[in-house]
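Architecture and fold: a report
Given next are the chains, with one letter for each unit.
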Amino acid sequence: MGDSAWAAVTQSSAFVFGLEAAGEDSRVMQWYWGPRLPDEALAEVVRQAPRRIHSGFHDPRDVDELLPVEGGARWGVPSLQVTYEGGVRSVELTFAEAVVADSEIELVLRDPLGLRVGLHVRVASEVVERWVSLTNEGEHAVRLGRVDSGSWVIPERAGYRYTGVAGAWAQETQLHRAELAVGETTFTSRTGTTSHRANPWIMIDAGDATEELGEVWSVALAWSGSWRLTAQRRPEGDVAVTAGFGHDGPTWHLAPGESLLTPPVLGLRTCGGYGAASRAWHDYARHHVLPTPFEERPVLYNSWEATWFDVHEEGQIELARRAADLGVELFVVDDGWFGGRVDDRRGLGDWWPNPDRFPRGLSKLFDTVRELGMRAGLWVEPEMVNPDSDLYREHPDWVLHYPGRRRDTLRHQLVLNYGRADVREWAIGWLSGLVSEYGLDYFKWDMNRSFTQAGWPDAGERADLLWIEHTRGVYAVLDTLRERHPGLRIESCSGGGGRVDFGILRRTDEVWTSDNTDARDRQAIQEGYSYLYPACAMSAWVTDSPNPHTRREVPLAYRFHVAMAGVLGIGGDLTRWSAEELEQARSLVAAYKAVRPVIQHGRLHRLAGDPGVTASAVQYSHEDRVVVLAYNPFALAKRPPRRVRLAGLDPSALYESAEGERWHGQTLMSHGLELPTWFITGPDYRSEMVVLRRVSG
Ligand code: GLA
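In this text, all values refer to a predicted model and were calculated from it rather than measured experimentally.

Quick look at the domain arrangement of the protein chain
Considered domain by domain, the protein chain is made up of domain 1 (5-289), domain 2 (331-512) and domain 3 (617-696). Using C-alpha coordinates to define each centre, domain 1 is positioned 41 Å away from domain 3.

What follows is the structure, given as structure tokens:
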């Protein structure tokens, strides 16, 4: 668009930005983020850039900047805070050049005190990816207080409402929706991980969006360590969202010649309500994030809730036989197989089979698993160590710690410092060794505590970089493992869904969504998860009833239908399931496999209801098939809804049910499909799966 304005244009949207002023106070502004405009019209939004009223107290232009700095006449939330030699805190940038490559633009700005700032913009499907590179070209070290990946302006509307997820252990991704308050609304993690408490994304609409209608702006951060996202709604009315890695407190040292690259912050504008926003995020995940998006995920069995720490060869072989008989394709041995790990007090760090429990190593078990036609997987927690372990006795300095301070344990464990090269080499050594020795197909990579006393004594001034370097170290180990073992698949787990984000999903295949396996609780968790992340990355198990965590009794079919909405797994104690239950499970596993590509790779429509609370339904469509999973946790069926209206079908095509009944797509979308689960009064927890095939049109 010229030498002072640029546009990132997707199929349906445009993000237009440019220089408001060159010279000493260069500002790179967002001029427009809305529906795609004809190319020749893009300049019009620059010509009509927002004008704002200034005063001696107030210069509101920074709300429009791609990276508002702390410095000069700016009093909003800074995305970049730097302290130079001598305590100087005003960042003063001059535009240097625009480097335009195929699909990427870097705008380079320089502070005469020696800082080079690169603002990067790239289009990936419907998403605009942005990140920042900093290089210290000066003679002195600088200290960075905040380096966000970018700030986004939400266009002027009559109102602003946000949607996000928050939660806790066993209660992840609970949906929150409310008017955005005037002031600064911050979501953050200070745990060193993405965290259970919040997930690094926000959606904003004008207060008028529904599941199916309306314009929605989303911002998400692709990062698995601590983070902060702030939405500011200024008293004058403007709204901007800035997000980046790190949390308030730690500051980062950048020596002369050093650079720092932020993770990408992702912006997405969609029309078609929250549903369309989610589908666009799922497309992005498939085409730009997940390493194996189009592979079918196997039905897995995981032994955790069946045995807890009581893991031994014989018991695992027995479970494996029963799992294989149900049609399970991947058998995963959870915690308790290694070192002296008979409870959570010891053993983390000692990654060899426990000789009392597996006197022949793991070969006998995994050979049997393979003979039974299943793949083999193992639980590991590579970032952790119990003080009661050989590893800790040998390397007490490998953990996060400050000399002379306590080393607080949580779940009796300490965090290994993945910023250290020796720790990463050790991890790659034994993880890769296990894969080679046992021909492993799968790791469940767990991470079961937050950071405390996060010191790195050898790193001197750079110690706080730990908050970044640990996450990067984990990424590097995962990347190396995948490179060395291309067939290896990895599940990300952090006490359930404590580390779910587009950073970890770049190098893992699915996520253990929550330790809470109660089907009803799980429905709300799955709904929140589905806002950004696709079903092929949402692992879900059927476990026992009453549920070990909540004591709630839920029928087997309901438990299955909830888990079948993602990557189906089984995690119950199969030695205690009755013959009828095993029979029913076998046929539900087969039913899942028959529709698996539709669920795992299909387009999701959250059709109706408040999942787990009222009658609800979700739909997946893929190629010529449509799957509807419908639930009714309560017996009462006196009031509507009785029918579910489907979505996203071809109105003129005919769709046929398994029983041979046919409907026009339009009928299914306008009049709906009658669901016995919804309209016939019966016991609590009824559910059903409807499969339709497009037969013409
Ligand atoms: C975490 C995981 C569980 C299980 C246990 C094992 O809590 O989320 O699924 O693996 O660790 O200790």
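What to know about the packing of helix α7 (residues 421-438) against helix α8 (residues 466-484)
Here α7 crosses α8 at 35°, and the two axes come no closer than 10 Å. Considering the relative orientation of α7 and α8, their crossing is right-handed. The residues of α8 that touch α7, namely those facing Arg424, Ala427, Ile428, Leu431 and Ser432, are Gly473, Val477, Thr480, Leu481 and Arg484. Here the residues of the contact of α7 with α8 are counted per class, giving 5 nonpolar, 3 polar and 2 charged.

A few points about the pairing of strand β32 (residues 625-632)
With 8 of its 8 residues buried, β32 lies for the most part within the structure. Here β32 shows two buried faces, one formed by Arg625, Val627, Leu629 and Tyr631 and the other by Val626, Val628, Ala630 and Asn632. Sheet topology note: the strand β31 (residues 616-622)/β32 ladder contains 7 bridges and is antiparallel. Within β32, the residue paired with valine 618 across the bridge is leucine 629. In this antiparallel pair of consecutive strands, β31 and β32, the connection spans 2 residues, and glutamate 623 shows a positive phi of 50°. Alignment of β32 against strand β37 (residues 686-696), held across 8 bridges, turns out to be antiparallel.

What to know about the environment of leucine 505
Relative to the elements of secondary structure, leucine 505 occurs in the loop between β26 (489-492) and β27 (510-512). Note on leucine 505: relative accessible area 0%, which makes it buried. Along the primary structure leucine 505 and isoleucine 490 are separated by 15 residues, whereas in three dimensions their C-alpha atoms are 9.8 Å apart. Once residues lying within four places of it in the same chain are set aside, the contact partners of leucine 505 are Val289, Leu290, Pro291, Val511, Tyr533 and Ala537.

Considerations on the site of the ligand
Near the ligand there are 13 residues, and of these Asp334, Asp335, Arg411, Lys444 and Asp515 occur at the shortest range. Aspartate 446 has a polar side-chain atom sitting 3.0 Å from an oxygen atom of the ligand. In isolation the ligand has 310 Å² of accessible area, and contact with the protein removes 96% of it. Looking at the shell around the ligand, its residues break down into 4 nonpolar, 3 polar and 6 charged.

A word on the sheet that holds strand β2 (residues 13-21)
As summarised here, the arrangement of the 3 strands in space is β1-β2-β3, forming an open sheet in which the pairing is antiparallel. A strand with exactly one partner marks an edge of an open sheet, and here the two such strands are β1 (5-9) and β3 (27-35). Taken pair by pair, the neighbouring strands of this sheet meet at an average axis angle of 20°, ignoring direction. Sheet analysis places β1 next to β2, joined by 5 bridges and oriented antiparallel.

Focus: the UniProt feature "active site" (unreviewed entry) in the protein chain
Under the UniProt annotation, the feature "active site" (unreviewed entry) is placed at Asp446 and Asp515. Spanning 70 residues, the named residues form one tight spatial group whose C-alpha atoms are at most 11.6 Å apart. For aspartate 446, the position within the fold is in the loop between β25 (442-445) and α8. Using a relative accessible area of 5% as the deciding quantity, one classes aspartate 446 as buried. With respect to the secondary-structure elements, aspartate 515 resides in the loop between β27 and α9 (519-530). Look at aspartate 515 and you get buried, because its relative accessible area is 17%. If we skip the residues at most four places from it in the chain, aspartate 515 touches Trp169, Glu172, Glu305, Gly495, Gly496 and His549. Among the polar contacts made by the side chain of aspartate 515, one reaches the side chain of tryptophan 169 at a distance of 3.0 Å.

Quick word on the packing of aromatic side chains
All chains considered together, the criterion is met by 33 aromatic pairs. Here tryptophan 351 and tryptophan 430 contribute two aromatic rings whose centre-to-centre distance is 4.7 Å and whose plane-to-plane angle is 5°, an arrangement assigned as stacked. Of the two residues, tryptophan 351 sits in the loop between β21 (330-333) and α5 (363-371) while tryptophan 430 sits in helix α7, which places them 79 residues apart along the sequence. A relative accessible area of 6% means that tryptophan 351 is categorised as buried. Taken together, the aromatic side chains of Trp337, Phe338, Trp351, Trp379, Trp398, Trp426 and Trp430 make up a single cluster linked through ring pairs. Its end group placed over the ring of tryptophan 152, arginine 130 keeps NZ or CZ at 4.4 Å from the ring centre. Note that arginine 522 overlies the ring of tryptophan 512, its terminal NZ or CZ placed 4.5 Å from the centroid.

What counts, and at which threshold
- Each chain has its residues counted from 1, running along the sequence as written.
- This being a predicted model, a pLDDT of at least 70 is required before a residue's local features are given, and a value of 80 or more before pairs of side-chain atoms are given or counted; all residues contribute to the totals for chains, interfaces and linings.
- Note that water and hydrogens are dropped before the side-chain values are worked out from all heavy atoms of the structure.
- Segmentation into domains, and thus their bounds, comes from an automatic or database assignment.
- Inter-axis angles, ranging from 0 to 180 degrees, are taken between N-to-C directions of lines fitted to C-alpha atoms, where helices are fitted over the stretch in contact.
- Segments assigned H or I by DSSP are reported as helices when at least four residues long, segments assigned E as strands when at least two residues long, and all are numbered from the N terminus.
- With the far helix as reference, a near helix turned anticlockwise by less than a right angle produces a left-handed crossing, and one turned clockwise produces a right-handed crossing.
- Contact definition: two residues touch when any of their heavy atoms are within 4.5 Å.
- Think of it as three bins: nonpolar holds Ala, Val, Leu, Ile, Met, Phe, Trp, Tyr, Cys and Pro, charged holds Asp, Glu, Lys and Arg, and polar takes everything else, Gly as well.
- The cut-offs for exposure are 20% and 50% of the maximum accessible area for each residue type, with area from a 1.4 Å probe on protein chains only; residues under the lower value are buried, those over the upper are exposed, and the others partly exposed.
- A pair of strands is considered paired only if DSSP assigns at least 2 bridges between the two.
- Nearness is defined per residue: one heavy atom within 4 Å of the molecule or strand is enough.
- N or O atoms within 3.5 Å of each other form a polar contact, as long as, within protein, one can give a hydrogen and the other can take it, and as long as residues adjacent in sequence are counted only when both atoms are side-chain atoms.
- Accessible surface is estimated by sampling points in the Shrake-Rupley manner with a 1.4 Å probe; for residues, cover comes only from the protein chains shown.
- UniProt positions are given in the numbering used here, feature names are shortened, and annotations may be inferred rather than shown by experiment.
- Two rings belonging to Phe, Tyr or Trp (six-membered ring only in the last case) form a pair when the distance between their centres is within 6.5 Å. Interplanar angles under 30 degrees mark stacking, angles over 60 mark edge-to-face geometry, and anything in between is tilted.
- Charges are assigned to positions over rings by a cutoff of 6 Å between ring centre and Lys NZ or Arg CZ, combined with an angular limit of 35 degrees from the ring normal.

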